[in-house]
Each structure stands twice: as C-alpha cells, then as structure tokens.
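Observations on chain architecture
The residues making up each chain are set out below.
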Amino acid sequence: MAAAYLKLNTEMSQRQGFGFPLMEYDCFLSRMSSPPHSFRGVFFFPTCPIQSPSLNLSKKPQTISRYFQFSIRLKYSSCALDANGTGLSPVRLRDGFQKTPCKLWNSNRPKGNRVPETSEKKKLWKGLDLDSKERLRRYSGMLRTCAAKGALREGKAIHVQVIKSGIDPDSHLWNSLVNVYAKCGSSKYASKVFGEIPERDVVSWTALIAGFVAEGYGSWAVNLFSEMRKEGVGANEFTYATALKACSMCLDLEFGKQVHAEAIKVGDFSDLFVGSALVDLYAKGGEMVLAERVFLCMPEQNPVSWNALLNGFAQMGDAEKVLDLFCRMTGSEINFSKFSLSIVLKGCANSGNLRAGQMVHSLAVKIGCELDEFISCCLVNMYSKCGLAGDALKVFATIEDPDVVSWSAIITCLNQNGQSREAAEVFKRMRHSGVVPNQFTLASLVSAATDLGDLYYGESIHACVCKYGLEYDNTVCNALITMYMKIGSVQDGFQVFKLTTNRDQISWNALLSGFHDNETCDIGLRIFSQMLVEGFNPNMYTFISILRSCSSLVDVGFGKQLHAQIVKNGLDGNDFVGTALVDMYAKSRFLEDAEIIFNRLIQKDIFVWTVIVTGYAQDGQGEKAMKCLIQMQRECVKPNEFTLASSLSGCSCIAILDSGRQLHSLAIKAGQSGDMFVASALVDMYAKCGCVEEAEVVFDGLVFRDTISWNTMICGYSQHGQGGKALKAFEVMLEEGTVPDEVTFIGVLSACSHMGLIEEGKKHFNSLSKIYGITPTIEHCACMVDILGSAGKFDEVESFIEEMKLTSNVLIWENVLGACKTHGNVEFGERAAMKLLELEPEIDSNYILLSNIYAAKGMWDDVTNVRALMSTRGVKKEPGCSWVEVNGQVHVFLSHDGSHPKIREIHLKLQDLHQKLMSFGYTPNTDHVLHNVSDREKQELLFHHSERLALAFALLSTSTRKTIRIFKNLRICGDCHDFMKSISELTNQELVVRDINCFHHFKNGSCSCHNFW
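Only a predicted model underlies this, so the values are computations on that prediction, with no experimental measurement involved.

Here we come to helix 40 (residues 723–735). Given a rise of 1.5 Å per residue, 13 residues ought to cover 18 Å, and the 19 Å separating the end C-alpha atoms of helix 40 matches this to within 8%. Residues of helix 40 that are buried include every one of Gly723, Ala726, Leu727, Ala729, Phe730 and Met733, and no others. Down the axis, helix 40 shows its buried residues gathered within 155° of arc, on one side only. Those residues of helix 40 that are buried lie in contact with helix 39 (707–719), helix 41 (742–755) and helix 42 (758–770). Just downstream of helix 40 lies glycine 737, where phi reads positive at about 85°.

Once that is clear, we can look at the environment of valine 890. Among the secondary structure elements, valine 890 is positioned in strand 2 (residues 889–894). Taking the C-alpha atoms as reference, valine 890 lies 9.7 Å from isoleucine 654; in sequence the two are 236 residues apart. Apart from the residues lying within four places of it in its own chain, the contact partners of valine 890 are Ile656, Trp883, Val884 and Glu885.

Our next topic: the confidence of the model for the protein chain. Looking at the protein chain, the pLDDT average stands at 80 and 85% of residues meet or exceed 70. Counting interchain partners and residues more than four positions distant, the pLDDT-below-50 stretch residues 1–117 has 243 contacts.

Further remarks concern the sheet that holds strand 6 (residues 1006–1007). With mixed pairing, the six strands of this open sheet are ordered in space as 2-1-3-4-5-6. The sheet is open, and its two borders are formed by strand 2 and strand 6, each paired with just one other strand. With three bridges joining them, strand 1 (residues 881–886) and strand 3 (residues 964–968) adopt antiparallel strand pairing. Bridge pairing in strand 3 links tryptophan 883 to phenylalanine 967.

In total, this model carries 24 aromatic pairs according to the counting rule given. Aromatic pair phenylalanine 494 and phenylalanine 497: ring centres 6.4 Å apart, planes at 20°, arrangement stacked. Separated by three residues within a single helix, phenylalanine 494 and phenylalanine 497 lie in helix 26 (residues 490–499), roughly one turn from each other. When its relative accessible area of 30% is taken as the criterion, phenylalanine 494 is described as partly exposed. Classification of phenylalanine 497 as buried rests on a relative accessible area of 4%. Note on tryptophan 508 and phenylalanine 536: the rings are 6.0 Å apart at their centroids and 50° apart in plane angle, and the pair reads as tilted.

Strand residues, when the strand is regular, have side chains that alternate between the two faces of the sheet. With five of five residues buried, strand 3 is to be regarded as a mostly interior element. Burial of the side chains of strand 3 extends over both faces: Ile964, Ile966 and Lys968 are buried on one face and Arg965 and Phe967 on the other. Two strands pair when backbone bridges link them, and strand 3 and strand 4 (residues 991–994) are joined in this way by four bridges, in the parallel orientation. Bridge pairing links isoleucine 964 to leucine 991 in strand 4. In this fold, strand 3 hands off to helix 52 (residues 974–987), which returns the chain to strand 4; that crossover is right-handed.

Moving on, we come to unusual backbone geometry. Trans peptide bonds make up the majority, and among non-glycine residues the majority have a negative phi. Of note in this structure, leucine 251 is not a glycine but carries a positive phi near 55°. Mapped onto the elements, leucine 251 comes out in the loop between helix 11 (237–250) and helix 12 (253–266). Of note, the phi angle at alanine 655 is positive, near 55°, even though the residue is not glycine.

A few words now on the pattern of salt bridges. This model, assessed by the stated rule, comprises 21 salt bridges. Lysine 688 is the partner of aspartate 684 in a salt bridge, and the nearest nitrogen-oxygen pair spans 3.5 Å. In this pair, aspartate 684 and lysine 688 both sit in helix 37 (residues 676–688), four residues apart, roughly one turn of the helix. Lysine 688 gets classed as partly exposed once you look at its relative accessible area, which sits at 27%. Its salt-bridge partner being aspartate 975, residue arginine 948 comes within 2.2 Å of it at the nearest N-O pair. Of this pair, arginine 948 sits in helix 51 (residues 946–957) while aspartate 975 sits in helix 52; the two residues are 27 residues apart in sequence, bridging distant segments of the chain. Accessibility classification places arginine 948 together with aspartate 975 in one group, the buried group.

Relative orientation of the contacting elements helix 31 (residues 575–587) and helix 32 (residues 591–600) amounts to 165°, with a least axis distance of 8 Å. With respect to helix 32, the element helix 31 is oriented roughly antiparallel. As helix 31 packs across helix 32, the resulting crossing turns out to be left-handed. Each of Gly578, Leu581, Val582, Tyr585 and Ala586 in helix 31 lies in contact with helix 32, whose residues at this interface are Leu591, Asp593, Ala594, Ile597 and Phe598. When the residues that make up the contact of helix 31 with helix 32 are grouped by side-chain class, the tally is eight nonpolar, one polar and one charged.

Within helix 27 (residues 505–512), six of the eight residues are buried, which leaves the element mostly enclosed by the surrounding structure. For helix 27, the set of buried residues is Ser507, Trp508, Asn509, Ala510, Leu511 and Leu512. Of the surrounding secondary structure, the elements contacted by the buried residues of helix 27 are helix 25 (474–487), helix 26, helix 28 (521–533) and helix 29 (540–553). Where helix 27 begins, the capping side chain belongs to aspartate 504, and its oxygen is found 3.2 Å from the backbone nitrogen of isoleucine 506.

Further remarks concern the packing of helix 49 (residues 903–919) against helix 51. Contact pair helix 49 / helix 51: the axes reach a minimum separation of 9 Å and the direction vectors enclose 95°. With respect to helix 51, the axis of helix 49 lies roughly perpendicular. Here helix 49 contributes Ile903, Glu905, Ile906, His907, Lys909, Leu910 and Leu913 to the contact with helix 51, which in turn contributes Arg948, Leu949, Ala952, Phe953, Leu955 and Leu956. Looking at side-chain class alone, the contact of helix 49 with helix 51 contains nine nonpolar, one polar and three charged residues.

What counts, and where the lines are drawn
Residues numbered from 1 in each chain as written. Predicted model: local features only at pLDDT ≥ 70, side-chain atom pairs only at ≥ 80, totals over all residues. Heavy atoms only, no water. Helix = DSSP H or I, 4+ residues; strand = E, 2+ residues; numbered from the N terminus. Expected span 1.5 Å × (residues − 1). Buried < 20%, exposed > 50% of the residue type's maximum accessible area, 1.4 Å probe, protein only. Arc of directions from axis to C-beta. Contact = heavy atoms within 4.5 Å. pLDDT = per-residue confidence, 0-100. Pairing = 2+ DSSP bridges. Phe/Tyr/Trp six-rings, centres within 6.5 Å; stacked < 30°, edge-to-face > 60°. Right-handed = clockwise from strand over helix to strand, strands pointing away. Salt bridge = Lys/Arg side-chain N within 4 Å of Asp/Glu carboxyl O. Axes fitted to C-alpha atoms, helices over the stretch in contact; angles between N-to-C directions. Parallel < 35°, antiparallel > 145°, perpendicular 65-115°, else oblique. Left-handed = near helix turned anticlockwise from the far one by under 90°. Nonpolar A, V, L, I, M, F, W, Y, C, P; charged D, E, K, R; others polar. Polar contact = N/O pair within 3.5 Å; in protein donor to acceptor, adjacent residues only side chain to side chain.

What follows is the structure, given as structure tokens:
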C-alpha cells in the first residue's frame, strides 16, 4: 500500500503545480477574478472566537520572526550564483532563518566563468537594453517562464544579469525572483531574496510560503503565514489556500480551523481553491463530517475537491461511502481521472471490497487506462489486500517497464499473502532487470525471510541492505530486528537495534518480541523499563509483548503493575491486550483474575478461548475447561487443534472418559484427529482414563510419531502395569530413530520399577548421561530409589542417596518411606519420616505412612504419638475419596459416607457381594486396618472403604458388562485389592481402579500389577 501511495504522490507532483496531490492550482502565474458573491455570508463553520482580523498566533514558534527582526540589509546579489551554478555547500534550512547569510556572488569575479552563449540563452538576453520599465517587465516575464519550467539554472543566470545591469527591481521583479527560487525547489535562496525586499506584499509572502509547501516543510510554512499576519499583511485567496495546504501537510487542524474562520470573515471562503484546500485538510485530519460539509457548501466542485473527499473516506476504510461519492461524481459533469480511480481502488483495498474493486478495474479497462503503470500499482495493491495474489501477478505482468514502485508493490503483495518464496523469486527478476530496490522493497523481503524462517536468506538480504546504503533506514532496521528476533538470532537483532540511529516505538516493540521464551523473558522486563526511561510511551503492541514475557516468567507481580498501567493508558478495553492479560493470569494460576478479564472482553476469538480452556486444564479444573468449550461452541466459535488438545488434557486430569470420547468424535469430524497435538492428547486421555487399549489404537494410527507421542504411550503402559510393553515400545522408538528425552526415561524407569527389573533399571539410568548426554533429574533419581526400595535393597538406596547428594529432596524420601512401609523397615522408615517432617511438616501422608509402619508392627504407643503430633501441628488426614462415571455423570464417594441418595441400596449390594464372596472362601484381611480395634470393627471399617461404595453403585447402575472404571485419591489397601480381584471373577466383570500409584486392571480374579504396587 505504501508503494502505491508513493506512486500516487509522484505522478500527481508531475501533473500539479505544487508537487502535492489534490492541489491543482498555481498561485503565482495567474490572477483569479473576484470570488462569486453568491456564497459569501454562508457560515457553517464551528464558531471560533476571533477578537481582531488577525489570527491568534501567539502559540506559534518564533523562529522565523527572529530572522526577520535582524534588520539586515543584504545585497540582492546574495542569492545569485555564478553562471556555472557553483557556490557554497548546502546549508540546512533552519540555519537559513537563524544565521546571517553570507555573500554567494562577487561582482568582481574573473570573466572566465561566463555562461556559454548558446542560441537559447541569446534569446533570453535579447531586448535587455530597453528602457527600465520594459527591462523590468522582460526580466519578470523570463523569470515566470523559468519558474513554470522549473529551470533553476536559467533563473539564476537571469538573476545574475539583473545584478549586473544595476537596475533597481520593482515589487513585481522581487516577487518574480522569490517565485522562481520557490518554484524550482530552492526555498533557502527564496527566503534570502525575500529578506532583501524593501516592502513585502501578499504576493511575495505567498510565493515564499508556497515554496516551503512545495518542499514539504508544512510547519515552516505555517510559521511564515503567522509572521505575515503579524506584520499586518492581509491574505488573499491564494495565501489562504497555500496556508491550508501547509496545515494539511503537518496535520495542524487547530490552526487550519483558525485560517478557515478568517477566510470566512474576509469573504474568501467561497473561492474554489480555498474550498478544495479545506476539504483536503479535514479529510486528511479524519474530520470527515466537516470535510463533507465544506464540500457540499462549495458553489462549485472541481476534480480536486472530489478527489480530496474521496481520499478521506478511502483512508477511513469506508468503501461504501467512497463508491457512493464516486457514483455521484460520474453522474455529474465532472470528468474523473485516473487519480480518482486510484483513490476508489485504495478504498476498496482498505475495506477488502473485492467486488467493488473488480468493478473499478473493468471501468479502467473501459476508459483505456488499465495499462497505466500508476493504475496497475493500485490494482496490484487492491488484489493483494483482497487476498488474490494470482490476480495481482496478472496485473503486474501487463506493466511494460515496471519501476521500483511496481516491483515493490508486487513483492509486498506476495509476502502479505503468505507467498514468501514467490516474493524472493520476483526479487531475483527485479535485480536482473536492473532496477535498484528501495527501502520498501528490502523491508518486504526481510519480512519474507522472517515468514520463511530462513536465517541464511535473511542475512543475504541484510547484505543487500548494506550494499545499497539503507542500513540506517528506520523501516528496514525495524524489519531486520523483527526478523532476527523471530528466527531466534537474538544477538544479531540486538546488534541491529544498537546501530539504529533513530529508534522509534516500532524499534523497541520489535526488540521486545525476541524475549518471550523462558530463558530470556527477564531481559524483556529490563528492556521495557529502559524504553520508559528513554521517554517512549508503550502502546498496545508493547503491552502485549511484555505481558508475554511475564507469562513465561510467571511474574504475576510485575504483570499486575502492567495491568494498572494498561488501565491508566485506557487500553483495558482493547481485546488484544485483554487476551494477553488473560494469558498472563492463567499461566500464573490466577484463574479468578483471568476469568474476570475474560468475561469483560467484547470480542472473544479462538485464541482467548483456547487460553482460558488451557488455563483451567493445566490447573486441574477439567470440569471448568469442558464448560468453557461447550460455551465456546454455543457462541459459534469453532475449536482448533490447540483448543481440542487442551480440552482433552482437561478430561485426562479428572478422568471423564465420556467427554473425552465426544472430543475424539469432534476431532474426527473437524479433520484434526491426525494433528500431532490432538493425537498425543488423545493417547494421554485414553491412558489416564484407564483405556490403554484405545490409547494404543490411536497411537498405532499415527502417520508420524514424535518424541512426545512416544513418551505418552510409554508412560501410559507403565501406569497400567504393562512394563513389558513399555520397554518394547522404547526399543521400537530407538529403532525408528526418534531421540528420547528426560520424560522418556521416566516412563522407562517406572516400567522397570513396576516389573522389579533392578539391573535393567540401572542400565537405563546410567545410559542417561553416558549415551544420551542427559543429566539425571530428581524424577529419574526418585525412580531409581523406587526400583531399589521396592526390591528391599535399602543398603543400595542409602548409598545411592549419598552418592547423588539427594539428602534434602522431598520426593526421594517419600519413595524411601513408601518402600519402608511395604517391607516393614521401621528403622529406615523412621529416619525417612523425620527428614520429611522436617522438610514439609504440613503434608499428612508422611505422618500416615509412619503411623502405618508402626501399626503394622503393633507399635500402638508410637501410632498414638504420631497422631498426637499431627493434632498438635494442625495436620488433618485427607479422607479417602473415590469417584466413578455412570451415564455421563460423575459420582463421588468418601469412606463411611452416607450422603449419596442411593446409599441404602449400595450397602445392600455390598452385603450381597460380601456374602457371595464368603461362600467362595474370601476372608477379609484385617491386617490392613491400622487401628487398635477389634476384628469385627476392623471388618466394618474395610466394608465402607470409598472404592467399594463406588463399585457397588456402578454394579447397581450398569446393566451391560461394560468395564467399570473407578478412580481413588489414595493408595488402594491390600484387602480392597483382594476384594476387587474376587469380584471380577465372581461377576465376570472387568474392573479398572486407578489409585495414586498406578492403574489396576482386574479381570478373571487377577490384577495387572501382579500384586506389586
């Protein structure tokens, strides 16, 4: 778009007097008849208090006025150069107003540098020996001709002749001299001539102001107009039009409104040029209501005013209004030009209105300007913004000799439509054609390299940037910083940032974008602080970037400070910033805050829904995650692969199989079941819900299996007590060339622990560092302790702990205590428990395990002491809890719980089962009741364990022989384990119980754990 707009300005500057679009008038070469009286007196402009005919200009800078207060009377020869055009080196424009100009020409110079007497120049000198008035008239006429042609060299030569002739210039000649320098782009010399004029009138002021406008110095021109009014010189219609153009250039709407008010007061508002300039000013300033009102109140409209209004609505993206105006324009007597078509195409591009753009394209074909390079660039831009890169390429192919603007437009088009490789190929063709790229071309190519993720290509473009001398251009530098940051070459991006001479907000935002990951996110916070120190105000993109750093750092404190700053800056209602806040709070586990901000969002897109679903799933709130997914679908937001993967994770954490299966069905319908994230989440969900066979089916159906999917399957086998399958899967993984990571070996070592494979466990543990270069983590060491402890090798456990320096780790001592409970090792168990009570005195399971060790040995006094210690420290035992899903609803049971609506039927069912088992020889094992009570009371306690209540309810509620899956928050006791085995044989019902350690698959009187858990 930037390229097309540059093209628009370039071509219009060639067509129009001032070199700027929409101002097709010449204030100095012609005089206009008095403005029509029919429009005078029509006052619709917003009321502005004006105390006198002069403007309230006290707030304007006084730079120019200081220059004019010098009262320096320079010779008018100071603006002339020798005939060869030689002179001083260029001086900055501002210096011309603040310093005393030095002489630029000496009348005593040798005659060797005289201008060659060409036939064309002889015509200019012809008749210079006429009388004084005639000579003044001739000089003025020749200077006007030079100004019209932009012939600065010839104008300077005439100036030399004026000096040599010794003639005393009249006001008309003075104005002609100012005009020629101003029109030829030399406002510095125009201002010096202006300073020599004895009596400056409105024409000379207007000529100088127009010169600054023509060179793009809008604010300087506004200052000049202010100075003119202070000197009491009244403005005419040309001055007002030029001053308004200056306001339009620097977007000084406030001053422009004052000029508007004065133009109304003196009766120049009805002038066509003034009206057009006002429409242009308000349109460019976004004041479309005022622009349209001025336009409608103009006595007549010309193409310039139509184009100005069209351009304003196009910039606002109001394609409907642009088309309506264009239709009205074509219906009037005004003949539209290619500039009108370009503006309409810009409006279609900004709004993405393809149909309207195609209609304008057909109109361009109809009037025969479709091959015009300028229109072609606009068409390329329109098709690009509408996502039709193919059509843009077809239009580009019709351009006979594309220039750098056309090449840049098509390269930008391809890059913006995701065709980065094609953009690179077009750039090759551009270089072969001999066209030199500009900053826009190279910035688009850097962006293409970013999308490709190709650092080598990006570095090649960087070399081109240096070759063409654009390494300090802000647009290119910002693109390079972004490229290096996104590709991961942070140091290179930082170097480019340091070499950027004129850093802006985009530069800082680009730099911040490279510090989102866990390793460097703290640097992002320091960069943000430095940005504030240097006086840059953060915008929406800054806050989004720094909030991502806070999310990675899990620094909710800094995040809350940012939240306060966001509210202060009025960005709390921005949905993009709101999404970043939801992400920050969700990842920091402040889900209540995340939910509050989430509910305030007006537009909830797929990303923010995924963020909130993932937050709940990762926090173990699977039910809320599923509720969010359901609400998301109700609001017609279609879940993507990341949403589904997170939702499946939510099902896994609370083991709701029916919901997981529904999500599986949804993934298949959406064509996302083959996605790696979704497939791995499905394997994990089925495994954690006790369906290891279904997990295996999903895993075997994967086309490509990465390390994560292998890890999910290996850990799934280990959790279900299928150690052999886990180790076999590990072998196949290595055969397929997949490299294992830390998680892989946790699954492998767990499998060895469940199977009691001590030597193989040692072999895999040693291979971590020796073969795969992985430093063993605490989890790996805990698995090794579990392997040795489960086998009763406590001497080796002690040696291993000392060798690996693990004496201060909680996880290690928890495994030791569990092994001591299994093997009844009181001494080592006491040491492990004392260590745990020192490290985490608030955890109830440590007291319970020690108490159970004592109880198993009949050490009831010690049991009493441990329970008294718990009471003293305020530690309460977590009650046993089991839950089972029946007909899509989860039912929760606590030990000895009588709150369930069907508790009577449940107790009767348990009694019936107990009697049947007794007839088969089952006897309750009261050794597992670690209370100093009678055997009858012990049997009663066993009878009401939570997993038995859940089993009885499931058997009552299930008519078919579906597998019953029960989940328990604690380790299943030995008697309940025997009870489940017997029930599976008695009822021919497959049972799956997941306790805190692993899954138990009960079938035909046996368990998958082989009584080893």
